[in-house]
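# Overview (structure and organization)
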Amino acid sequence: DSDALLAVDPAVWQWLPQRHWLVSCTHSGTGWAAWIDILRQCPTLRLLASHMGLPGAAPAHERDEPASAEECESRLGHHLLELAQFPGPRVKLSAFYSSTEPSHDFPHVQAFGYVQTLVKHFGAARLCWGSDFSPCLFHVSFQQTIDVLARMNFLTADDRRLIEGGNLLKLLQDATADQDSGCTGS
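One structure accompanies this document, and this report is about it. (Residues numbered from 1 in each chain as written. Predicted model: local features only at pLDDT ≥ 70, side-chain atom pairs only at ≥ 80, totals over all residues. Heavy atoms only, no water.)

### A short note on the nonpolar core
Membership of the largest hydrophobic core comes to 44 residues, with the highest contact counts inside it found for Trp 35, Leu 45, Leu 83, Leu 93, Phe 96 and Leu 118. Listed by contribution, the elements that provide at least two residues to this core are α2 (10-18), β1 (22-25), α3 (33-41), β2 (46-49), α4 (69-76), α5 (78-82), β3 (90-93) and α6 (112-122). Excluding anything up to four places from it in sequence, Phe 96 contacts Met 52, His 108, Ala 111, Val 115, Val 148, Leu 149 and Met 152. (Core = buried A, V, L, I, M, F, W, Y, C linked by side-chain atoms within 4.5 Å. Buried < 20%, exposed > 50% of the residue type's maximum accessible area, 1.4 Å probe, protein only. Helix = DSSP H or I, 4+ residues; strand = E, 2+ residues; numbered from the N terminus. Contact = heavy atoms within 4.5 Å.)

Following this line, the structure appears as structure tokens:
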């Protein structure tokens, strides 16, 4: 609910990054729009967009080749991609099964374009892998959930190290650091 989100006292949005807390959210499409206003006040808010921003399932005819960059950007939505202009937001690469048709179609080639688009906008250093355990087990094996990034030949070994755990580890380590919040206002 965008109205409820925007009604939150701005002091809360300042308090969260001062403590290096993560705010994990699941939205799609225009649901990300309210966060842009919040991030203008507090650009270092560590917002974690779950499930690649829920772009929806790509059509089955894209099973062998991902959609074009333009189509992937359109499905991800400009509001999600606009979050990249701020230093705090991250995107969780998870629930690949929800981005493919059929959902059990490992390695989820239809979702590769989404990941490429997110790397382009956010960079590998602002993406985190997530298992989406246990809902993933209704669609794929847990091993397939773990192995999905290894099938993306456009990711370098360094990209994968960051995405598969390095970025999340840094976020958690920063939670104990004493840094400026980077927020405006009182």
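### A short note on the packing of α4 against α6
Their axes nearest at 9 Å, the elements α4 and α6 cross at an angle of 85°. Relative to α6, the element α4 lies roughly perpendicular. Facing α4, whose interface residues are Ala 69, Cys 72, Glu 73, Arg 75 and Leu 76, α6 presents Gly 113, Tyr 114, Thr 117, Leu 118, Lys 120 and His 121. Partitioned by chemical class, the residues of the contact of α4 with α6 number 5 nonpolar, 3 polar and 3 charged. (Axes fitted to C-alpha atoms, helices over the stretch in contact; angles between N-to-C directions. Parallel < 35°, antiparallel > 145°, perpendicular 65-115°, else oblique. Nonpolar A, V, L, I, M, F, W, Y, C, P; charged D, E, K, R; others polar.)

### Examining the sheet that holds strand β4 (residues 127-129)
Taken together, 4 strands build an open sheet; the order of strands is β1-β2-β3-β4 and the sheet is parallel. Edge positions in the sheet fall to β1 and β4, since each has one partner strand and no second. Within this sheet the neighbouring strands show an average axis-to-axis angle of 25°, counted without direction. Two strands pair when backbone bridges link them, and β1 and β2 are joined in this way by 4 bridges, in the parallel orientation. Paired with Cys 25 across the two strands is Ala 49, which belongs to β2. (Pairing = 2+ DSSP bridges.)

### Brief notes about unusual backbone geometry
In this structure, the amide linkage connecting Phe 106 to the following residue, Pro 107, adopts the cis form with an omega of 15°. Note the cis peptide between Phe 133 and Ser 134, where omega equals 5°. In this structure, Ser 134 sits in the loop between β4 and α7 (142-147). Positioned with a positive phi, Met 52 is a non-glycine residue whose angle comes to about 55°. Within the secondary structure, Met 52 sits in the loop between β2 and α4. The phi dihedral of Leu 54 is positive, around 50°, even though this residue is not glycine. The topology assignment puts Leu 54 in the loop between β2 and α4.

Structural measurements only, silent on function.
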